[in-house]
Structures are given as structure tokens and as C-alpha cells.
Amino acid sequence: MSTRTVTVIGVGNMGAGMAANLLGKGWDARVCDIDQAKVAAMVQLGAVAVSRPADAPADSQAFIVCVVDAAQTEDVLFGEQGLARMLRPGHSVMLCPTIAPEDVEFFAARLAERGVHTLDAPMSGGPARARDGSMSLMLACPQAVYEQQAGLLQALSARVFHLSEKPGDGARTKLVNNLLAGINLVGAAEALSLAGRLGLDLGKTLDVIEQSSGQSWIGSDRLRRAIAGDYAPRAHITLLEKDTRLAVAAARSAGFEGPLGERASQVFAEAHRAGLAAEDDAALFKHLGGQGG
């Protein structure tokens with residue numbers, strides 16, 4: 001197989017950012033997506049289009065799967081035109097979606113039957129950080145596979161956390177992180193909505209929060225946009241809705257019940273039902289009564 005050649009399946013916000021980052025660093029990227037406009041945009045940057053996962057070239061150093069959920073992941077891997085049709089022993093598949101740990105374990109076991117390595121590698125940081133290589137990767141894979149793919153991992157992210165050799169541990173870590181992100185975002189949106197009701201200047205209030213004990217990265221990132229009335233989707237409401245729901249389910253399976261996670265998950269579900277599913281998750285601000293713009 002070739003080095004510095006990868007296939008990226010799913011070039012939405014995060015997948016496109018990763019592919020663009022690799023292209024900018026001199027890697028060869030093959031890209032595949034059901035949305036041909038997204039593929040065309042990557043081709044303009046120098047990528048080579050692949051029509052179906054099964055048609056991915058066998059010389060790729062790794063096959064990066066960057067779709068939304070477990071159903072899409074299964075289709076990409078084992079569907080009628082899935083990667084499994086062309087994968088061979090020694091190939092490596094990097095699973096980046098946020099999905100349930102048991103789904104990662106199931107996919108990894110099926111790939112292992114074919115002699116294919118799995119890198120359980122969910123991401124965090126958003127499209128801009130994927131594009132500039134500063135996103136976080138929460139990685140679970142055998143040490144030998146980690147060393148084999150070290151060059152690719154370092155190109156993708158300046159923050160690679162090799163957590164364990166057990167597939168599923170990356171997913172578990174991502175769910176813990178995203179549960180906290182969801183809790184933080186609900187709290188930040190609530191607090192700034194309250195600031196507006198109290199007659200405070202929202203920008204100045206956020207200035208204070210960012211330099212004080214209430215600061216959170218996701219709160220600053222989303223609410224700066226929200227108070228400007230910018231709800232163009234970077235990360236849809238549905239993503240944290242899915243992630244917090246999966247995190248709460250994982251907590252229950254472990255016999256753990258906290259006071260905030262389930263309520264935060266409910267708020268995202270309520271925002272979805274209120275018609276905000278296709279908007280950026282910054283729209284949680286207006287869902288809770290905040291007014292920007």
C-alpha cells in the first residue's frame with residue numbers, strides 16, 4: 001500500500017476539514033460522499049473522487065470513515081457497495097463518527113475477521129480545527145497499528161490521545177467529553193439568555209464570562225455567534241442531541257445516573273422538536289429565549 005495516500009469516506013464538515021488539511025500537507029486524498037457537491041468541492045482542492053466505498057483504491061495507507069452515525073457506518077463498511085468488498089488483510093480503517101462503544105466493538109470484530117485493523121478515533125474541535133490540524137483525536141487501537149499510522153495521525157491532529165488498545169474506548173471517551181460539552185452549552189445558553197432578560201449587554205457579559213469561572217470553550221464559540229444572530233450550521237443541533245443521548249445510554253448501561261446529563265439531552269431533543277434540527281447548535285440560545293443579532 002502507498003504511504004501518504006488516504007481515502008476519506010464522508011466529506012461533510014469534519015471529513016472535508018481533514019481531507020483539506022491532508023491535501024495542504026502534501027498527502028494524496030481520495031474522497032467519497034453521497035453528496036456530489038461536497039465531493040466536487042474537494043476535487044477543486046486536489047482530491048480524487050471515488051464513486052462508492054467499494055471502489056476505493058487498495059493502495060491507501062488508511063480508510064477514514066467520517067459519517068454521522070452507526071447506520072451510515074455499517075453501510076459504508078458492510079453495505080452492498082461497502083468497503084468490505086475491497087478490504088484486504090493488513091488494511092487499516094479509521095472510525096471517526098461518534099457512535100455507541102458497542103457498535104465500535106462490533107464493527108472492529110467484523111473487520112478483524114478479515115484481517116483488517118480498526119482505529120477507534122472519534123474527533124473533537126469542529127471543522128476549523130479539523131482543517132488546521134489542531135483538533136483532538138481520541139484513539140483506541142493496538143500499539144503496533146498506532147506506530148504504523150503515526151505519520152497520518154500527526155498530520156491529522158496535534159492532539160492525539162492514545163487511550164488504550166481496546167476498540168470502544170475512544171467512543172467511550174468521546175461520549176464523556178460530548179456529554180460535558182452538551183451540559184456546558186445548555187448552561188451557557190441559559191446564562192446568557194438570563195443576562196438578556198436582566199437587561200445586560202450580551203457582548204460585555206460574555207467578555208466577563210470568558211475571563212471568569214463560568215468560561216467554557218463551547219460556550220464562547222457558540223454564543224459569540226448566537227448573539228450576532230449567526231446560526232449558519234457548523235455543527236447541527238442533531239449532533240449533540242445524538243451524542244448526549246448515546247452518553248446517557250452508556251451511563252445507564254454502566255449503572256450510573258447523574259443529575260445533569262439526561263436533562264441536557266432532553267433540551268437538545270426539545271430544540272429539535274421545536275424546528276431547530278438543521279440549525280447550528282448555537283441555536284440553543286434562541287430556543288431558551290435569548291435574542292441576538
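Residues numbered from 1 in each chain as written. Predicted model: local features only at pLDDT ≥ 70, side-chain atom pairs only at ≥ 80, totals over all residues. Heavy atoms only, no water.

Regarding the layout of surface pockets
In this structure, the second largest pocket spans a volume of roughly 340 Å³. Together, 17 residues line the second largest pocket, and Leu 179, Ala 247, Ala 251, Phe 256 and Gly 258 are the ones closest to its centre. Secondary-structure elements contributing two or more residues to the lining of the second largest pocket are α8 (169–197), α11 (237–253) and α12 (261–276). For the lining of the second largest pocket, the per-class residue count stands at 11 nonpolar, 2 polar and 4 charged. (1 Å grid on protein atoms, 1.4 Å probe; cavity = no way out; pocket = protein on both sides within 12 Å on 5 of 7 lines; lining within 4 Å. Points joined across faces, edges and corners; volume = space filled by probe spheres on them. Helix = DSSP H or I, 4+ residues; strand = E, 2+ residues; numbered from the N terminus. Nonpolar A, V, L, I, M, F, W, Y, C, P; charged D, E, K, R; others polar.)

Some details on the pattern of salt bridges
Following the criterion strictly, the structure yields 16 salt bridges and no others. Note that Glu 74 and Arg 110 form a salt bridge whose closest N and O atoms lie 3.2 Å from each other. Of the two residues, Glu 74 is situated in helix α3 (residues 70–78) and Arg 110 in helix α4 (residues 101–112); the sequence distance between them amounts to 36 residues. On the basis of relative accessibility, which here comes to 24%, the residue Arg 110 falls in the partly exposed class. Sharing partners across several salt bridges, the network here consists of Asp 221, Arg 222, Arg 225, Asp 280 and Asp 281. (Salt bridge = Lys/Arg side-chain N within 4 Å of Asp/Glu carboxyl O. Buried < 20%, exposed > 50% of the residue type's maximum accessible area, 1.4 Å probe, protein only.)

Digging into the packing of aromatic side chains
Using the criterion set out here, one finds 2 aromatic pairs in the structure. On the basis of an interplanar angle of 40° and a centroid distance of 6.3 Å, the ring pair of Phe 78 and Phe 107 is categorised as tilted. With Phe 78 in helix α3 and Phe 107 in helix α4, this residue pair connects regions lying 29 residues apart in the sequence. Note on accessibility: Phe 78 and Phe 107 belong to one class, buried. Members of the aromatic cluster, each reached through a chain of ring pairs, are Phe 78, Phe 106 and Phe 107. Over the ring of Phe 78 we find Arg 110; its NZ or CZ atom is 3.8 Å from the centre of that ring. Above the plane of the ring of Tyr 231 lies Lys 286, whose end atom (NZ or CZ) is 4.4 Å from the centre. (Phe/Tyr/Trp six-rings, centres within 6.5 Å; stacked < 30°, edge-to-face > 60°. Lys NZ or Arg CZ within 6 Å of the ring centre and 35° of its normal.)

Section: the environment of Ala 112
Position of Ala 112 relative to the elements: it lies in helix α4. Separated by 23 residues in the primary sequence, Ala 112 and Pro 89 have C-alpha atoms spaced 8.7 Å apart.

As for the nonpolar core
If you look at the biggest cluster of nonpolar residues, it comprises 34 residues, and the most contacted ones within it are Met 18, Met 42, Met 94 and Leu 156. Secondary-structure elements contributing two or more residues to this core are β1 (5–9), α1 (13–24), β2 (28–32), α2 (36–44), β4 (62–65), β8 (136–140) and α7 (150–156). At 7 residues, the largest contribution of residues to this core is made by α1. Among residues more than four places away in sequence, those in contact with Leu 156 are Met 18, Asn 21, Leu 22, Ile 64, Met 94, Gly 133, Met 135 and Leu 137. Core analysis: the second largest hydrophobic core is formed by 25 residues, Val 186, Ala 226, Ile 237 and Ala 282 among them. (Core = buried A, V, L, I, M, F, W, Y, C linked by side-chain atoms within 4.5 Å. Contact = heavy atoms within 4.5 Å.)

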